[in-house]
Amino acid sequence: MANETDTGRYEPLRSASGEPLKVSLRRSLRRQKLQALGLVAPLFLFVLVTFLAPIGGMLFRSVENQIVGDTLPRTVAALGEWNPNVQELPDEEVFAAMVADLKIAREARTASRVGQRLNYEFSGMSSLFRSTARKVARIDEPPYKDALIKAHKGWAEPATWKVIQRVSAKYTPGYFLAAVDAEQTVDGDIRMLPDRQRVYLPLFWRTMLLSAFITLMTFLLGFPIAHLLATVPTRISNLLIIMVLLPFWTSLLVRTTSWIALLQKEGVINDLLVGIGILSDESRLTMIHNATGTIVAMTHILLPFMVLPLYSVMKTISPNYVRAAKSLGATPAYAFFKVYFPQTVPGIGAGAILVFILSIGYYITPELVGGTSGTFISNRIAYNISSSLNWGLAAALGAILLGIVIVLYWLYDKIVGIDNMKMG
Amino acid sequence: MTDSNEPIVRFIDVQKSYDGEILVVKNLNLDIARGEFLTMLGPSGSGKTTCLMMLAGFEPATHGEITLNGKPINNVPPYKRGIGMVFQNYALFPHMTVAENLAFPLEVRRMGKAEIESRVTRALEMVRLPEMAGRRPGQLSGGQQQRVAVARALVFDPDLVLMDEPLGALDKNLREEMQYEIKHIHESLGVSVVYVTHDQSEALTMSNRIAVFNDGVVQQLSTPDDLYERPENAFVAQFIGENNRLMGTITEVNGETCTVDVDGGGIVKALPVNVGGVGERTTLSLRPERVTVDPPENSPNVFEGTVEELIYLGDHIRTRVNVCGHDDFIVKIPNAAGHASLAEKAPVRVGWEKDDCRALDA
Ligand SMILES: Nc1ncnc2c1ncn2[C@@H]1O[C@H](COP(=O)(O)OP(=O)(O)O)[C@@H](O)[C@H]1O
Ligand SMILES: [Mg+2]
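Just so it is clear, the structure is predicted and the values come from calculations on it, not from any experiment. (Residues numbered from 1 in each chain as written. Chains lettered and ligands numbered in written order. Predicted model: local features only at pLDDT ≥ 70, side-chain atom pairs only at ≥ 80, totals over all residues. Heavy atoms only, no water.)

1. Topic: the sheet that holds strand β11 (residues 244-254) of chain B
All names here are of chain B. Strand order in the closed barrel formed by five strands is β11-β12-β13-β20-β14, and the pairing between neighbours is mixed. Pairwise comparison of adjacent strand axes, ignoring direction, gives a mean angle of 55° for this sheet. Where strand β12 (residues 257-262) meets strand β13 (residues 267-272), four bridges bridge the pair, whose relative direction is antiparallel. Bridge pairing in β13 places V260 opposite V268. (Pairing = 2+ DSSP bridges. Helix = DSSP H or I, 4+ residues; strand = E, 2+ residues; numbered from the N terminus. Axes fitted to C-alpha atoms, helices over the stretch in contact; angles between N-to-C directions.)

2. Description of the packing of aromatic side chains
Residues and elements named next belong to chain B. According to the stated counting rule, one finds 18 aromatic pairs over all chains in the structure shown. Taken together, a centroid distance of 5.5 Å and an interplanar angle of 40° make the contact between F37 and Y195 tilted. You can see F37 sitting in strand β3 (residues 37-41) and its partner Y195 sitting in strand β8 (residues 192-197), a full 158 residues away along the chain. Taken as a pair, F37 and Y195 share a single burial class, namely buried. Taking 5.4 Å as the distance between ring centres and 15° as the angle between the ring planes, the aromatic pair formed by F235 and F239 counts as stacked. Here F239 and F235 lie together in helix α8 (residues 234-239), a separation of four residues that amounts to about one turn. Sitting over the face of the ring of Y18, K16 holds its NZ or CZ atom 5.0 Å from the ring centroid. Above the face of the Y228 ring, R287 is positioned so that its terminal group lies 4.1 Å from the ring centre. (Phe/Tyr/Trp six-rings, centres within 6.5 Å; stacked < 30°, edge-to-face > 60°. Buried < 20%, exposed > 50% of the residue type's maximum accessible area, 1.4 Å probe, protein only. Lys NZ or Arg CZ within 6 Å of the ring centre and 35° of its normal.)

3. A few points about the interface of chain B and chain A
With 21 residues of chain B in contact, the opposing surface of chain A contributes 17 residues. Buried surface at the junction of chain B and chain A, summed over both partners, amounts to about 1,700 Å²; 72% is from carbon and sulfur atoms. Taken together, chain B and chain A are joined by two residue pairs in polar contact (both at pLDDT 80 or more). For the side of chain B that touches chain A, the leading source of residues is helix α2 (residues 98-108) of chain B, giving four residues. Split into classes, the residues belonging to the side of chain B that touches chain A amount to 16 nonpolar, one polar and four charged. (Contact = heavy atoms within 4.5 Å. Buried area = accessible area lost by both parts, 1.4 Å probe. Polar contact = N/O pair within 3.5 Å; in protein donor to acceptor, adjacent residues only side chain to side chain. Nonpolar A, V, L, I, M, F, W, Y, C, P; charged D, E, K, R; others polar.)

4. Here's the deal with the confidence of the model for chain B
The share of residues in chain B with pLDDT of 70 or more is 99%, and the mean pLDDT across the chain is 92. ipTM for the predicted complex: 0.84, alongside a pTM of 0.79. (pLDDT = per-residue confidence, 0-100.)

5. Remarks on a nonpolar patch on the surface
All names here are of chain A. Side chains of L39, V40, F44, L45, L48, V49, F51, L52 and I55 sit close together on the surface and give an oily, nonpolar patch of about 880 Å² of accessible area. Looking at where V49 falls in the secondary structure, it is placed in helix α1 (residues 21-60). Residue V49 is classed as exposed on the basis of its relative accessible area of 58%. (Patch = residues over 30% accessible without salt bridge, like charges linked within 9 Å, V, L, I, M, F, W, Y side chains within 5 Å. Areas by Shrake-Rupley, 256 points an atom, 1.4 Å probe, with all protein chains shown as cover. Salt bridge = Lys/Arg side-chain N within 4 Å of Asp/Glu carboxyl O.)

6. Regarding the site of ligand 1
Residue and element names in this part refer to chain B. The full set of residues close to ligand 1 is Y18, V24, P43, S44, G45, S46, G47, K48, T49 and T50. One of the backbone N or O atoms of S46 is found 3.2 Å from an oxygen atom in ligand 1. Note that an oxygen atom of ligand 1 is positioned 2.5 Å from one of the side-chain N or O atoms of T49. Contact with the protein chains hides 55% of the accessible area of ligand 1, taken as 560 Å² for the molecule alone. (Near = heavy atom within 4 Å.)

7. Concerning the pairing of strand β9 (residues 209-214) of chain B
Residue and element names in this part refer to chain B. With four bridges joining them, β3 and β9 adopt parallel strand pairing. Counterpart to T39 in the pairing with β9 is I210. Bridge analysis of β9 against strand β10 (residues 217-222) gives five bridges, and the strand direction is antiparallel. Counterpart to N214 in the pairing with β10 is V217.

8. Looking at the pattern of salt bridges
Per the stated rule, a full pass over the model turns up 29 salt bridges over all chains. Notably, a salt bridge pairs R284(A) with E266(A), separated by 4.0 Å at the nearest N-O pair. Of this pair, R284(A) sits in the loop between α13 (268-275) and α14 (291-315) while E266(A) sits in the loop between α12 (252-263) and α13; the two residues are 18 residues apart in sequence, bridging distant segments of the chain. Judged by its relative accessible area of 55%, E266(A) is exposed. Across the pair R10(B) and D31(B) runs a salt bridge whose closest N-O atoms are separated by 3.2 Å.

9. Focus on the pairing of strand β19 (residues 347-352) of chain B
Residues and elements named next belong to chain B. Counting buried residues in β19 gives five out of six residues, a clear majority hidden from the surface. As defined by bridge partners, strand β15 (residues 292-293) adjoins β19 across two bridges and the pair is classed as antiparallel. Its bridge partner being in β19, T292 is matched across the sheet by G351. Bridge analysis of strand β16 (residues 301-312) against β19 gives six bridges, and the strand direction is antiparallel. Counted as the bridge partner of V302 is G351 from β19.

10. Things to note about the domain arrangement of chain A
Reports often express the size of an interface as the amount of accessible area lost when the parts come together. Partitioning chain A into structural domains gives domain 1 (17-50), domain 2 (68-168) and domain 3 (200-420). Here domain 2 of chain A and domain 3 of chain A have C-alpha centroids that lie 52 Å from each other. (Domains from an automatic or database assignment.)

11. Regarding the domain arrangement of chain B
All names here are of chain B. When its domains are assigned, chain B resolves into domain 1 (9-234) and domain 2 (242-360). Taken residue by residue, the interface counts eight residues in domain 1 and nine residues in domain 2. Together, the buried faces of domain 1 and domain 2 total about 720 Å²; carbon and sulfur atoms form 41% of this surface. In terms of surface lost to domain 2, no three residues of domain 1 exceed Y228, P231 and A234, which account for 63% of the buried area on that side. Applying the counting criterion to the domain 1 and domain 2 interface returns one salt bridge. With its nearest N and O atoms 3.7 Å apart, the salt bridge here joins R290 to E229. If you look at where domain 1 meets domain 2, you find four residue pairs in polar contact (both at pLDDT 80 or more). Of the residues forming the side of domain 1 that touches domain 2, the biggest block, three residues, is contributed by helix α7 (residues 224-229). Split by residue class, the side of domain 1 that touches domain 2 holds four nonpolar, one polar and three charged.

12. Topic: the nonpolar core
Counting residues in each nonpolar core, the largest one holds 103 residues, and the members touching the most others are F11(B) and L55(B). Here this core gets eleven residues from one element, more than from any other, and that element is α14(A). When residues no more than four places from it in sequence are discounted, the contact partners of L55(B) are V9(B), F11(B), I66(B), I73(B), R81(B), I83(B), L160(B), L162(B) and V194(B). Within the second largest apolar cluster, 27 residues are counted, among which are V94(A), L102(A), L118(A) and W161(A). (Core = buried A, V, L, I, M, F, W, Y, C linked by side-chain atoms within 4.5 Å.)

Below you can see the structure in the form of structure tokens.
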């Protein structure tokens, strides 16, 4: 081996003690790595327990489907044999299992919950289960098939059984399909809902569109401010930065409701316009509880998130660049667009992605000022969590929102590069 | 208009204040000749950059007038002045390649594509970087960036180029190399250069004339040899080259000779350059290489002293002597055949000619 160098191959470098240099380097760095890990560990555990684990658990609900198998175990087992293409209705055995399951479910008060779950897939299931559960105690001898159909004629529908059979799997795509306005037919085919019934896709689209517009507005308003902050003497810029940050020290609710006070029909702006005679009393503008309200209030609230990254980038751009451009003959406008502006792009990217991501997940402000035309997908998620109690759907919607954010982040990294992003 | 005897730039009674309280430039009058390499030399904060910024058009003069090619330019915006400029940290546009940086002033002037390409190529050859056209400034070394900045300031053939401490960020060897390179470019193009530096050896190496700045005032405007040999005040004598300073009081002025009673003891005969009358304070300035050891008896100034320290520097021996009550008096003894050989703590006789000892302001 030692002579191999003659033929142009080299042995790995060795340290003084004779072991390969890479090995001894790795060992000397291990201590440092362990130390770094130790410093990070408490925060990491905290984030894991209070943030990542709950989010993971919540996202899991978007595909989880234990309820049917847990509540109707006998039925699910018996239905395994049934082939709807051969037999119109399942055997007596399946009906018997259903009666047994329902009796237990009635005792445990879980019958209406499973009915509700099945209702997401096929409407009418909820009332079928509720009314049958009430009567099932009185069914105590075969033939169970006739008895059940007598209790509710829904049990004579093959569709009822097909849905139960399909939804008995442990995991379901159903919530995700619902979240993109699609559904599975009784026969298991996937199809989009008709246009009129679509709720979530238009809402996703509106959320993205309004957020993009809000991002654009914060950019248009924030760029000149950031430029001013970066160019005035420090004494003045410190004062101005405090004014930019002032909103952060005011409660979000206060800021949002003060926009209501300003913008509503009987609000300050309308009163003023009527007072000076620009508007007649009947034609007061509707500026709140619609998309306009959301845009105005959100632009105001998110503006600092655009200004600060822009400012921190602009602060590092030496005035000598624009001076150099001018000395080379460029007019102020040309120097601005060709020399100054391109150097602010990392700040624009950072600000825009920050504002956009914050915006598409925003809840409180659209809830208060958005009316019906200015609400976001997050308001719908909250509705599914707290009012309709369809957590699976809420989780699926949340997962899609998270997916969109991650894709955007990835796209941004491809185009601008995360390394170029400057936050401060 | 472009009469070659007319100065390319004139500062006429120019004053500048940033805050309305302090004059950063006080009554500047300066003519810069066509084709000249003029250096503004002075310590940090003396107003050199401010003068350059006023000339380039980035700072307005508070008072007075600046003319370029005979026309007042106080109200001409910088991009119409046609002055090339090299900035302290080069200010190369980081998002453009070297070639795009060089093409920038040409595109602004709406030149044809072929013309731009040939000029960029020529400029890169001039600074010996033809392979770097496609690189970004961040991928170049400091010296290479420096060259690109010089090329960019010259590529559109300006009559006048301003350079603000362009070599400040380079290490010593590279700085010296670049000094010669810039000097040669100046000579071959015949362009006028106004150069700012706080490094006196750089100024001496490169310039046709040097304006020494201190505290917003031009202390002396002369050729390098004149500045070194005939400083007109104590600041210039001290700032340029090494200098022995002896403080004293004038006891007699007699035409080309004055007699000074030095504070530490001793009567010195000196050349009165910038002095008041009898009884006034003065600073005597004497270059270390003009002091001789064991001078002839008829020398006007001969003193007994003690050798404090000897430092061997190859071409000369730097000797610190305690004389006339000053223990920081430096004598340079050239390492020539038969030079005096001294020992530390030994007594020594030193002397100098009257004309080499200049009596300046206190
Ligand atoms: N933009 C400015 N605003 C206020 N004061 C300035 C500005 N630029 C320079 N000064 C002051 O003017 C004086 C001269 O500065 P400058 O011209 O940069 O000197 P130099 O280039 O000789 O080091 C310094 O005291 C400096 O603090
Ligand atoms: Mg300066």
